Structure formats: structure tokens, C-alpha cells
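Each chain, letter by letter, is given below.
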Amino acid sequence: WTVEARNYRGDWGGTSPVLRTYTASPPQQVRNLNSTHISQTELRFSWQPLDSTEVGSPDTDVLKGYELYVDDGLGGRFTRAYDGYNKPYEYYFDAGGLVPGRVYRAYVRA
């Protein structure tokens, strides 16, 4: 697309160079979320990063990172445990403060 502008006197300026935009689709679901025992109260969550065909746009820079959500280990609400905004090359997070014996549920989104 192009842009044309008019000043306060009503005079039209020149036409801008062609501006290109990309229409992005939602990224595909992040796969292979795993957890590894670190200590009694810590788990390392890791996931497989999206490849260029799964991002949802020909411009792979639209992927700004990943978010990890974990519940309370009692089947309660999910809360964001990791905000990977502007960290698109980080594919793991070490979650601490967990209670031994609980079963934690988690998911990742791009």
C-alpha cells in the first residue's frame, strides 16, 4: 500500500514508496513440553521451539518469545511462570518454590 498526505492548506504531497505489510496467522501449538527434576522444589520446563513454517508469517521476526503457564499443583488456575517476551531463543525455564508430592500441569504458548 502507499500513503498520500495533504497539508493544512489542502496541498497534496507526493506518494510514499510502496509499504509492505504481512498478515500473520496465529502460530502453531508449541510441542514437546517436558519437565526435568532439578531438586525437591524445582523443575526445569523445556519445549521444542517453533520452526519457520510454524510461526504463522513469512517474517519469522514476528515471534517475540514464549510464555510458560503452570498451575498450583492442586488442579487450580494457571498463572504465568515465565514471560519470554523478546527472548525468542530461550526454550526452557527453571521453576522454583514447588511443593514436593504435587502434580503440576503446564503449557507453553508462543
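Calculation notes
- Just so you know, the residues in each chain are numbered from 1, in the order the chain's sequence is written.
- Restriction of local features to residues with pLDDT of at least 70 applies here, the model being predicted, together with a cutoff of 80 or more for giving and counting side-chain atom pairs; totals for whole chains, interfaces and linings are based on all residues.
- Based on all heavy atoms of the structure, the side-chain values leave hydrogens and waters out of the count.
- Two rings from Phe, Tyr or Trp (for Trp, the six-membered ring) form a pair when their centres sit within 6.5 Å of each other. Planes less than 30 degrees apart are called stacked, planes more than 60 degrees apart edge-to-face, and all others tilted.
- Secondary structure elements are taken from DSSP: a helix is a run of H or I of four residues or more, a strand is a run of E of two residues or more, and numbering for both begins at the N terminus.
- Three labels apply to residues, based on accessible area from a 1.4 Å probe with only protein chains included: buried if under 20% of the type maximum, exposed if over 50%, partly exposed otherwise in between.
- Strand pairing is defined by DSSP finding a minimum of two bridges between the two strands.
- Lines fitted to C-alpha atoms define the axes, with helix axes restricted to the stretch in contact, and inter-axis angles between N-to-C directions lie between 0 and 180 degrees.
- We call two residues contacting when some pair of their heavy atoms lies within 4.5 Å.
- One side-chain nitrogen of Lys or Arg within 4 Å of one carboxyl oxygen of Asp or Glu is enough to make a salt bridge.

Once that is clear, we can look at the packing of aromatic side chains. One pass over the full model with this rule turns up 6 aromatic pairs. Between Y66 and Y91, the aromatic rings sit 6.2 Å apart at their centres with planes inclined by 75°, giving edge-to-face as the arrangement. Taken together, the residues Y66 in the loop between β2 (42-48) and β3 (67-70) and Y91 in the loop between β4 (79-83) and β5 (92-95) connect sequence positions 25 residues apart. Take Y91: its relative accessible area is 28%, and that puts it in the partly exposed class.

With antiparallel pairing, 3 strands are arranged side by side in an open sheet as β4-β3-β6. Edge strands, defined here as strands with exactly one partner in the open sheet, are β4 and β6 (106-109). On average, each strand axis in the sheet is tilted by 25° relative to the strand beside it, whichever way the strands run. Pairing between β3 and β4: 4 bridges, direction antiparallel. Following the sheet pairing, V70 is matched in β4 by T79.

Here I38 lies in strand β1 (residues 31-39). Counting along the chain gives 67 residues from I38 to R105, while the straight-line C-alpha distance between them is 17 Å. Non-local contacts of I38, meaning those with residues more than four positions away in its chain, are made with L43, R44 and D94.

The full count for this structure, using the stated rule, is 7 salt bridges. Put simply, R9 and D11 hold a salt bridge, and the shortest N to O gap is 3.1 Å. The partly exposed category is assigned to D11, whose relative accessible area is 37%. Between R44 and D94 there is a salt bridge, with the nearest N and O atoms lying 2.6 Å from each other. Here D94 lies in strand β5 and R44 lies in strand β2, a separation of 50 residues in the sequence. Note on R44: relative accessible area 32%, which makes it partly exposed.

Strand order across the open sheet formed by 3 strands is β1-β2-β5, with antiparallel pairing between neighbours. Strands at the two margins of the open sheet, each flanked by one partner only, are β1 and β5. Each adjacent strand pair in this sheet contributes to an overall mean axis angle of 20°, direction not counted. Both β1 and β2 contribute to a ladder of 6 bridges, which runs antiparallel. Bridging across to β2, S39 finds its partner in E42.

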